[in-house]
Structures are given as structure tokens and as C-alpha cells.
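Structural description and commentary
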Amino acid sequence: VLGAHAAGEHKSDWYNTHDRVFLGGSYWANPMEDWRVIDGAAECTSGGAYRNIQLITHELTNPKGSFETFVTIRRVHTAKADTGAGFSIGIRSDVNDHRANAFSPAGINAVVVAGELKLGGSKTKLPGGYPEEYVLKLAGQPAGTRYNLTLTALDAKSRKVLGSVSSKVPAAAVTGNIALVNNTNPAKKRGGNKNGSRHRFSDWNVTGDAFTVDLKRKFGPLLWSMYSLYDSRTEEGFVMKLSALTGPLGAKDSKDVELKVQRNGEWKSLGKARLDTDAWTATFRVANWDETQSVPFRLTYRKQHKDGSAAEHFWTGTIRSNPKDRPLRIGGLTCQNHYGFPYAPVADNLVRLDPDMLFFSGDQLYESHGGYGLIREPAESAILNYLRKYYMHGWAFREAMRDRPTYCIPDDHDVFHGNIWGEGGAKFDSSTPDPSKGGYREPARMVNVVHKTNCGHHPDPYDQTPVKQDISVYYGDFVYGGVGFAVLGDRQWKSGPDRVTEGLKRSDHVKDPDFDTSRLDKPGLELLGKRQEDFL
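Residues numbered from 1 in each chain as written. Predicted model: local features only at pLDDT ≥ 70, side-chain atom pairs only at ≥ 80, totals over all residues. Heavy atoms only, no water.

1. Focus on the packing of helix H3 (residues 379-401) against helix H4 (residues 444-455)
What counts is decided by this rule: Axes here mean lines fitted to C-alpha atoms, for a helix over just the part in contact, with angles spanning 0 to 180 degrees between N-to-C directions. Secondary structure is summarised from DSSP: a helix means a run of H or I of at least four residues, a strand means a run of E of at least two, and numbering begins at the N terminus for each. Should an angle fall under 35 degrees it is taken as roughly parallel, and over 145 as roughly antiparallel, whereas 65 to 115 is taken as roughly perpendicular and any remaining angle as oblique. Crossing handedness: left-handed means the near helix sits turned counterclockwise from the far one by under a right angle, and right-handed means the same turn made clockwise. For this analysis, residues touch if any pair of their heavy atoms sits within 4.5 Å.
Close contact between H3 and H4 brings their axes to 9 Å; oriented N to C, the two are set at 30 degrees. When the interaxial angle is binned, H3 and H4 end up roughly parallel. You can see that H3 and H4 cross each other, and the crossing is right-handed. Along the contact surface, H3 presents Ala379, Glu380, Ala382, Ile383, Tyr386, Leu387 and Tyr390, while H4 presents Arg445, Met446, Val449, Val450, Thr453 and Asn454.

2. Overview of the sheet that holds strand S17 (residues 222-231)
Put simply, the test is: Pairing between strands requires that DSSP locate at least two bridges from one strand to the other.
Spatial ordering of the open sheet is given by S17-S18-S21, a layout of three strands whose pairing is antiparallel. Here the strands that pair on one side only, and so sit at the sheet edges, are S17 and strand S21 (281-286). When the angles between neighbouring strand axes are averaged without regard to direction, this sheet yields 15 degrees. Pairing geometry for strand S18 (residues 238-246) and S21, over six bridges, is antiparallel. Across the sheet, residue Leu242 finds its bridge partner in S21, namely Phe284. Relative to the sheet, H3 contacts S17 and S18, its axis offset from that of S17 by approximately 60 degrees.

3. Some points on H4
This is how the line gets drawn: To estimate the expected span of a helix, count its residues, drop one, and scale the result by 1.5 Å. Each residue gets one of three labels from its accessible area relative to the maximum for its type: buried under 20%, exposed over 50%, partly exposed in between, using a 1.4 Å probe on protein chains only.
Given a rise of 1.5 Å per residue, 12 residues ought to cover 16 Å, and the 16 Å separating the end C-alpha atoms of H4 matches this to within 8%. Burial analysis of H4 places nine of its 12 residues in the buried class, which makes it a mostly covered element. Taken as a whole, H4 has its buried residues at Ala444, Met446, Val447, Val449, Val450, His451, Thr453, Asn454 and Cys455. Buried residues along H4 sit in contact with S17, S21, H3 and strand S26 (406-408).

4. Some words on the pairing of strand S2 (residues 27-30)
On S2, burial covers both faces: Tyr27 and Ala29 on one face and Trp28 and Asn30 on the other are all buried. Across four bridges, the pairing between S2 and strand S5 (residues 51-60) is antiparallel. Along S5, the bridge assignment pairs Tyr27 with Leu55.

Shown next as C-alpha cells:
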């Protein structure tokens, strides 16, 4: 029976969602940049292998229970390399965290492909051929140490059964994440193959006591927040700056985020901030902050639906009081590659150890983060590719960041350019493979998004004047907990070593112990840049 209601049931609301990239807080899309809400459905915009939508609020944990899921699927493009569309269950990584599971290719596929129903190793032809639009239903029932799965295709309009196939699998094999899949073949390079079919998915329903349901796992539309608190040493006193991050929204979505704080038991609004529609951050700056008290805060985003209704979404945390008369405790982290994501032992211990502030010193991501390849240009596509990778950073550490000041310095891999020599914001000559050349490889617009998502909540820069290509800066100083800090963009002005180490095989890695270092000391070469040196 389709449409049955049960406790913990999930029903997609794409039908009532404005067109946009972000599919909703209940989902993680692989990769985010290849999916859109279009005309009331989640549509895959790429023919690449193993594009999928993970339902992160539901996890199959109880093979002694039963479940049912169904979705309406319509092909929008048919290709020779079509490997089907439908469901995948039992998606599980060795870490077995729902966030880590979302990046595992392992699972039992239940799909329609080229006129056949395929369920794991079982398959059957559909008598009517390959339907363009259909409802696909997967049901599971316990059977001792085994588990019965049944996959059924129905006509999208009449709900007439078009075909069915069953399979009995080990009970443990069904545990893990559940996802919608466009092109199920995970063996092909995820970022390389673009020749598969594309599909639209609508009216996705998931229910059953085989699932553990945790709505606290939702990730968005408010993803996480970061804030700083510092003594301005001016008439503004202490200043609090806070950035709220959302997923990439649509033209008809609200672009406002509201900040409230709780004082004397009542919530007081500190106003609204507008989302930057490249970085998808809304930044608040509040002067003359009372730094002597810890204050709960609440961010509110009001989602506007297509039917005119709205729903409020919240993210909460605490602006801590300024540490006084004691040593300052800092949690320092660096270089989070996706191995071991979401780094739960580190992230959990960080919260347990309760530092006063966090310092992420760079490489919050690497180019390979989450798989599915690297997009360097155009700027719009490169930004979405970057944001998807950066969101893994927030997904892992947001519990630690919500309750203490966080300082986040971008480094070379954050801007998709290992061992970058910034040359004061110059454009990198991408026609040469020489890594010792100076300048930024990525579009300036993307670089500015990296700066804003990492540093938008930082204390005001010492001098906000952009460098070449109108690339933003973030260097400056602040005082917190009685300690003075200098923040430096250490790669932003650095001269490329190709200008001083001619003739070496790789001039940015000099291994000769007899190298004459006086060759590096020439007029016109910069290390930190005159602006930063004057500041220091």
C-alpha cells in the first residue's frame, strides 16, 4: 500500500520547495553540485557514476523490523552507459557513522535499468519495456537470520504493478544508510564518467521500525555558525562577530537570517543579516558587547514554500564570557583530509576538553575531499565544488564551534592550489605546469568565497583594501582572554621561487644542502608583503 503513515515516516517536500541547489536538511547529496530541486523534484544534472541522495535522518539499524520506501522516478535523459535509478540500502563504511556512511559505495542496489528490475543479484524484465516514469517501491521483512527484500515497479498514474522481483539477503547486509541513486555503478571513476542517464526523483517516502530516526542529524538549511569575540580597544569596546552558514539556496528563497540572544530569560533580536549568495554566509557584527556574561544565542532562518507557507529553522549556541585571570586554553587543528571523516574521536574529545577558543590553521579540506572530482572553473561551478567539500568541515566540527570563538585560516588546499605563492593576488599562469610560479590558480570570485566562509566572522582586518584581482584580505590583530594575537595571510604576498632558483628541477623544494641561500635575497621579492610587515 502506498502512502501509509507511521511514526518516524519521512516524506520529501521537494514539491513545495523553490528551485535551488540545496535539497534540504534531511539529505546529503553526492556530489551537491550535480543535484538541483527543479520544478518540484530532485533532479540529477550529471550522467556521472553513483550520484546519490543520502537520507541522513534515517538509518537501517534493526533487521528484526520491517520497512517500506517508494519514490516516483522519471528519466530526463537516456544514455548508453545507463546503470539505472532507484534505491541503495545497507550503505555502510568501516567507521559506521551516518556521515561517513554517506561516502561509501557499498550497498544493495534496487533499481530499474534498461527495462529490467534489478535487486542485488536478482533481476527480471518488465513486460512493458523501459518506462519513462514509474513508482519504485522497496519493502523489507525479517526472515530469521535472513532478510526478505521485494522491489516493485508501478505505473506512475494508474499505480498498476508493472513487475516485481525478490531477494533474500543476510540480515546484517541491510543495515546502514538508505539513498536514492542515479547510475548505480560505483566501479567507474566517480568524477570521470559522464555518460549515464539522468533522472528526476519526487515524492520519496520512507517508513518502518527497521529504521532508527534522529531528526537532530538534519544538516541545514542552517548548517553551523562561527563567531569571534574581541577587545577592539576603541569606543566600541568588545565586539562580537558571527557568521551563519546555509546551503546554497534559490532565487525565490528568503535571504535573511535573524540573530537573537537570551537575556534575563527573554529572547531579544539583534537584527537580521543578508546572505551572501556566493558564500551563503550571513554575518553579524555587534559592538559594545557585554563580555562578562555567557549568553545563549539562536539563529533563525525562515524557509518560504512555493504554496506561500513558511517554516522556521533554528541553530543555537552560546557566546561565552571573556576568559579572565587564568590561562587561555586553545584547541588547535590543521589539515583535515577526508580519511577517517568525520574524525569523531578528535571532534568528540575537542568538546570534552572544552577549550576557550578553536584555531583551524588551514587545509580545512583537500581537493580530493568526498570524491567526485575537482572543478576549477567557471567560478560558479568551482564555488559549489568548494562549498560541498568545506561543508564536510562544518559537519564534523560544528558541535565544538557553536559554543566558543573559532578562528579559521585558509591555506593552499582550501583554494585548490597546493603550495601556492600568492604574488599579491596575481593570476597564476595555468598554461605552465611549474608549481613555483606565483599567483592564484582559481578564479578570484571563488578565492573570495574561501576567505568569507573561513574568515567572515573574524575580527575586522587591519586594512581591508583588496589585493590584485580584487581578492580580499583577512590579516589583523585581536585581543581575547587578555592575550594579543596577530592573524597573517602568510601565502598571500609571497613571491614565486621561480624568480630566484632558475635551473633547478623543482625550485619550490630545494634539497641541496649546499644551496647558496643568498640567491633568495633579492630586491623586489616579498615574504609577508609590505602591508603585513608594516602592520607587524
